[in-house]
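For reference, the chains in residue letters:
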Amino acid sequence: MSQEETGSRIPKFAHSYWREFEEIPSFTGLQESLTTDIAIVGGGIAGIVSAYLLAKAGKKIILLDAGKLIDGATGYTTAKITAQHNLLYSEFIETIGAEQAKLYYEANSGGLKFIQETASELGIACDLTVQNAFVYSETELGKQKIEKEAEAYKTLGIDGGLATSEVDLPFDVTAAIVMRNQAQFHPVKFLAGLLREIERLGGIVYEQTRAMKIEKEDRPVIQTENGMRISCNKVIVASHYPINSSDGLYFSKLSVNRSYVIAVRTEAKIPTGVYLSADSPTRSMRAIPTDEGETLLMIGGDGHPAGRSKTNILEHYQNLAHFGEEHFGIKEIPYRWSTQDLATLDKVPYVGTMTASYDHILVATGFNKWGMSNGAAAGMMLADRILGKPNPYAEVFDPTRTKMEKADVEDFIKDNAAVAKAFIVGKLKRTVETADELEADEGGIVKIDGEKTGAYRDENGQLHLVSTTCSHLGCTVKWNDAERSWDCPCHGSRFSYNGDVLDGPAVHPLKKLDAE
Ligand code: FES
């Protein structure tokens with residue numbers, strides 16, 4: 001297949017392989033106000049793991065999801081479970097120090113161990129296999145960075161090191177580093193198993209129940225979109241981007257990145273191990289064993305700050321397909337999907353009490369693309385905190401930590417400057433198209449009665465109009481042609497073509513306008 005043909009065979013609609021699993025328990029929406037011990041907002045890995053551990057410890061829990069369970073970042077991941085987070089340890093030794101870096105490594109190794117042991121204990125078949133994890137480079141600069149990382153592995157006592165000759169890739173690399181005995185799995189199968197266990201333990205779960213706000217009374221009270229209230233002793237906010245994000249100014253200390261995945265059929269040998277390139281643009285690879293007995297090759301990467309792609313979104317998928325075609329040859333591309341990841345100021349997630357002044361609301365966010373190990377570790381840390389058990393990692397992950405002076409926050413500051421610019425440029429950008437110019441399945445910002453308006457004409461020719469002002473803090477949203485969504489360049493909120501919230505921090509839809 002030529003590169004042009006490869007690019008043109010990107011599936012028309014995004015579809016995650018993980019979300020194809022059909023045996024996910026489903027639940028109704030909350031229709032009454034309730035009281036409980038612990039309420040957990042967000043049905044991804046961190047929320048489900050903490051719900052499971054708390055229900056297992058005998059706590060009365062309610063788990064809420066604004067949409068469907070395991071349908072946020074957790075359903076659209078690359079599903080590697082590893083403490084090898086690119087070349088983070090050499091950076092961590094310089095920024096947060098060796099002691100904290102080692103605790104971060106141990107916390108993530110603990111997340112991996114929890115998933116392995118729980119899957120085995122509960123008999124959850126989730127395609128989990130032990131894999132060596134590699135970071136490789138094709139450049140001299142990358143080689144130097146990998147050598148520095150190998151020194152960090154020695155300092156921290158990490159099982160691994162330089163392993164250039166062990167790489168199982170069909171192209172030359174200048175260097176590679178391995179972390180041994182990591183894993184990959186099917187996250188939806190695993191978490192569906194945990195949800196069944198939560199139900200069995202008496203936990204209560206609601207879908208299609210959006211938490212809008214948490215009132216900070218003696219006991220916290222969650223207000224839902226349909227006017228219900230949940231009063232409880234503690235709330236865990238595990239909604240990816242935290243709700244109540246103005247509390248503790250979370251939107252000013254989280255950056256949002258969007259990245260892409262394709263899963264392809266190829267006749268070439270699929271590498272053993274899981275891979276990540278240290279070079280830019282990033283490429284991530286692993287095998288996906290399917291229930292039909294075939295093995296797909298997953299290729300991910302091509303990330304950019306959310307809502308701020310320099311090209312149209314489909315090009316990112318095409319870039320991944322070109323890489324796959326060049327190195328493996330592609331027969332077919334049955335799946336494509338994308339996800340949004342949050343990173344904190346110092347790249348260590350925020351896990352613990354949301355603000356120093358009120359300890360009834362706990363948060364887990366900012367997994368910096370490593371949501372499986374960090375998410376499981378976060379669920380364990382939050383459960384320990386609520387159960388009054390000491391956890392050796394609580395201090396490193398404490399969201400109210402003040403010791404960030406040494407952290408390399410320059411990139412983050414640059415990123416926030418770009419946020420501010422997006423706000424201004426977005427507001428001033430001239431709009432030239434009219435809705436009449438839009439073809440079927442095309443969207444963009446048009447002028448209607450002199451007003452800038454978000455417009456999408458669906459495949460049946462029907463026009464859907466929304467305000468382009470983000471309901472979070474008022475930036476101007478941009479059209480995403482690959483996901484048919486409105487994406488905000490400021491803090492990563494996303495909305496469907498008719499304005500419904502897909503990703504926070506926004507909790508209110510875009511204002512819908514009458515197409516007549
Ligand atoms: Fe904050 Fe849109 S996400 S302004």
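Residues numbered from 1 in each chain as written. Predicted model: local features only at pLDDT ≥ 70, side-chain atom pairs only at ≥ 80, totals over all residues. Heavy atoms only, no water.

K.L.:
Before we move on, can you summarise the state of the cysteines with the specific residues and values?
P.N.:
A complete count under the given rule lists one disulfide for this structure. There is a disulfide in this structure between Cys475 and Cys490, and the S-S distance comes to 2.0 Å. Negative torsions about the S-S bond denote left-handed disulfides, and the value of about -90° found for Cys475 with Cys490 makes this one left-handed. Taken as a pair, Cys475 in the loop between β22 (463–466) and β23 (478–480) and Cys490 in the loop between β24 (485–487) and β25 (494–496) lie far apart in primary sequence, 15 residues in all. Pair check on accessibility: Cys475 and Cys490 agree, each one buried. (Disulfide = S-S within 2.5 Å. Helix = DSSP H or I, 4+ residues; strand = E, 2+ residues; numbered from the N terminus. Buried < 20%, exposed > 50% of the residue type's maximum accessible area, 1.4 Å probe, protein only.)

K.L.:
An account of unusual backbone geometry is requested, with residue identities and associated values reported.
P.N.:
With an omega dihedral of -5°, the bond running from Ser280 to Pro281 counts as a cis peptide bond. Examined against the element boundaries, Pro281 turns out to sit in the loop between β14 (274–277) and β15 (283–289). Of the consecutive residues Gly504 and Pro505, the connecting peptide bond is found in the cis state with omega at 15°. As for its position among the elements, Pro505 is in the loop between β26 (501–503) and β27 (512–513). The phi angle at Asp127 is positive, at roughly 55°, despite the residue not being glycine. Within the secondary structure, Asp127 sits in the loop between α4 (98–122) and β5 (129–137). One non-glycine residue, Asn181, lies in the positive phi region at around 55°. Mapped onto the fold, Asn181 is located in strand β7 (residues 175–184).

K.L.:
Quick one: what's the story with the packing of helix α2 (residues 45–56) against helix α6 (residues 187–200), residue by residue and with numbers?
P.N.:
When two helices pack together, you describe them by how their axes are tilted relative to each other and by the distance separating the axes. The interhelical angle for the contact between α2 and α6, taken along N-to-C directions, is 35°, at an axis separation of 9 Å. When you trace α2 past α6, the crossing you get is left-handed. Here α2 contributes Ile45, Ile48, Val49, Ala51 and Tyr52 to the contact with α6, which in turn contributes Leu191, Leu194, Leu195, Glu197 and Ile198. Of the residues assigned to the contact of α2 with α6, the class counts are nine nonpolar, no polar and one charged. (Axes fitted to C-alpha atoms, helices over the stretch in contact; angles between N-to-C directions. Left-handed = near helix turned anticlockwise from the far one by under 90°. Contact = heavy atoms within 4.5 Å. Nonpolar A, V, L, I, M, F, W, Y, C, P; charged D, E, K, R; others polar.)

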